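Chain by chain, the residues run as shown.
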Amino acid sequence: MSLELLLDEANDDRGSHSADIASGLRDSLLLDEYSRTVVAAVDRVAPAVVNIDIKKHLNSRRGAHEVGGSGSGFIIAPDGFILTNNHVIHEATAITANLPDGREFPAQVVGTDPDTDLAVIRIDAPNLTHVRLADSESLRVGQIVIAIGNPLGFQASVTAGVISALGRSMHAESGRLIDNIIQTDAALNPGNSGGPLVNSAGEVIGVNTAMIRPAQGICFAIASNTARFVAGWLIKDGKIRRSYIGVAGQNVPIHRRIVRFYNLPVETAVLVTSVEKESPAAKAGLRDGDLIVDFNGEPIGSVHELHQRLMAEQIGVESKIVIIRHTEKLELSVVPEESRARK
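Here is a short report on the structure shown in this document. (Residues numbered from 1 in each chain as written. Predicted model: local features only at pLDDT ≥ 70, side-chain atom pairs only at ≥ 80, totals over all residues. Heavy atoms only, no water.)

**Overview of the overall build of the protein chain**
Part 1: Secondary structure assignment for the protein chain yields seven helices and 20 strands.
Part 2: Buried residues in the protein chain amount to 46% of all 343 residues.
Part 3: A separation of at least 24 residues holds for 60% of the contacts in the protein chain among residues at least 6 apart in sequence.
Part 4: Approximately 17500 Å² of the protein chain is accessible, and the part contributed by carbon and sulfur atoms is 50%. (Helix = DSSP H or I, 4+ residues; strand = E, 2+ residues; numbered from the N terminus. Buried < 20%, exposed > 50% of the residue type's maximum accessible area, 1.4 Å probe, protein only. Contact = heavy atoms within 4.5 Å. Areas by Shrake-Rupley, 256 points an atom, 1.4 Å probe, with all protein chains shown as cover.)

**Remarks on the sheet that holds strand β8 (residues 157-171)**
Part 1: Taking strand neighbours around the barrel as the criterion, the six strands line up as β7-β8-β9-β12-β11-β10 in a closed arrangement whose pairing is antiparallel. The average angle at which neighbouring strand axes cross in this sheet is 50 degrees, direction not considered.
Part 2: Two strands pair when backbone bridges link them, and strand β9 (residues 177-184) and strand β12 (residues 219-223) are joined in this way by four bridges, in the antiparallel orientation. Pairing of T184 across the sheet is with C219, part of β12.
Part 3: Contacts from helix α4 (residues 224-237) reach β11 (204-211) and β12 within the one sheet, and its direction differs from that of β12 by about 50 degrees. (Pairing = 2+ DSSP bridges. Axes fitted to C-alpha atoms, helices over the stretch in contact; angles between N-to-C directions.)

**A word on the layout of surface pockets**
Part 1: In this structure, the largest pocket occupies an estimated 440 Å³ of space.
Part 2: Around the largest pocket sit 29 residues that line it, and R176, L177, S243, Y244 and S339 are the ones nearest its centre.
Part 3: Looking at the lining of the largest pocket, the elements with two or more residues in it are β9, α4, β13 (243-244), β14 (247-253), α7 (303-309) and β20 (337-338).
Part 4: Looking at the lining of the largest pocket residue by residue, the classes come out as 11 nonpolar, nine polar and nine charged. (1 Å grid on protein atoms, 1.4 Å probe; cavity = no way out; pocket = protein on both sides within 12 Å on 5 of 7 lines; lining within 4 Å. Points joined across faces, edges and corners; volume = space filled by probe spheres on them. Nonpolar A, V, L, I, M, F, W, Y, C, P; charged D, E, K, R; others polar.)

**Some points on the pattern of salt bridges**
Part 1: Evaluated as defined, the whole model comprises 11 salt bridges.
Part 2: Residue E33 pairs with R36 through a salt bridge whose shortest N-O separation is 2.7 Å. In this pair, E33 and R36 both sit in helix α2 (residues 16-45), three residues apart, roughly one turn of the helix.
Part 3: For the salt bridge of D79 with R122, the shortest nitrogen-to-oxygen distance reads 3.5 Å. Separated by 43 residues along the polypeptide, D79 in the loop between β2 (63-75) and β3 (81-85) and R122 in strand β6 (residues 118-123) bring together distant segments of the chain. (Salt bridge = Lys/Arg side-chain N within 4 Å of Asp/Glu carboxyl O.)

**Let's talk about the pairing of β6**
Part 1: Within β6, five of the six residues are buried, which leaves the element mostly enclosed by the surrounding structure.
Part 2: Hairpin connection from strand β5 (residues 104-113) to β6: four residues lie between these consecutive antiparallel strands, with D117 at a positive phi of about 55 degrees.

So yeah, pure geometry; function would need other evidence.
In structure tokens:
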């Protein structure tokens, strides 16, 4: 029976009792739909989520000894490629991937990128269940998300929540700012790192990476578009050599009058939220509040698109960057430098 018919029956009696019944039916049916959504998403993704155990050598005052650690990851290709956080496998001397079906495989590092805290490892196993990466540019604040991982050793744990904010920035261990971070209230704990953040369709929208320990419900994930881009390069070359200009930014809409006046091909831009001192951007004259709309003749509508332009071939090459400052359109010259991980 449909929700509407049930509510009509309940409302035949105009008393307060019938109103309570109608409200209860509505809440019950909505809750069931929410539960079905979460269960379906978990069923689709959980078979591709792995528990990662590592061993590393540690030198201390007591001498050298071996310590263990763990985290999460997820299979992104049927031939054994697994995406996780760089900090999960950093300096590991041995890596073991535990699959949901109970099988264990030794894993080898394919490539790491400390600048985005992402890494790809591989196990020798064919025809594996793998996830689908969604387009993180289409995310909306408030939509349902599900986190799957192995927090504190509890395998295949699931938490759910919503997207709390988009376009956050946070520092990687290398010191570089990671842009386009997803903030969620889906609970994360140590061991969730490297696991997938999933939408209601069972598609991965982010890689769970951090939480603020004293806070409640403030957790972060690296956007899936960033993860797809980085994983592709790591699988191809084992590393990423990139250029940088020294700005932190977030995606914002451009006022329609400005779009029409300058006949811009994009309706969104990268808002410069900070400029590093002595960076190429600072030398070029970029300021906080500028909107980046073009780089070397290519429209820029998001942080992800700007990152795609700043690759190895731009290092040391004078480039043209177009910005909107207040209502004025300016073209500046910038010379990107090589991005180096800071120890």
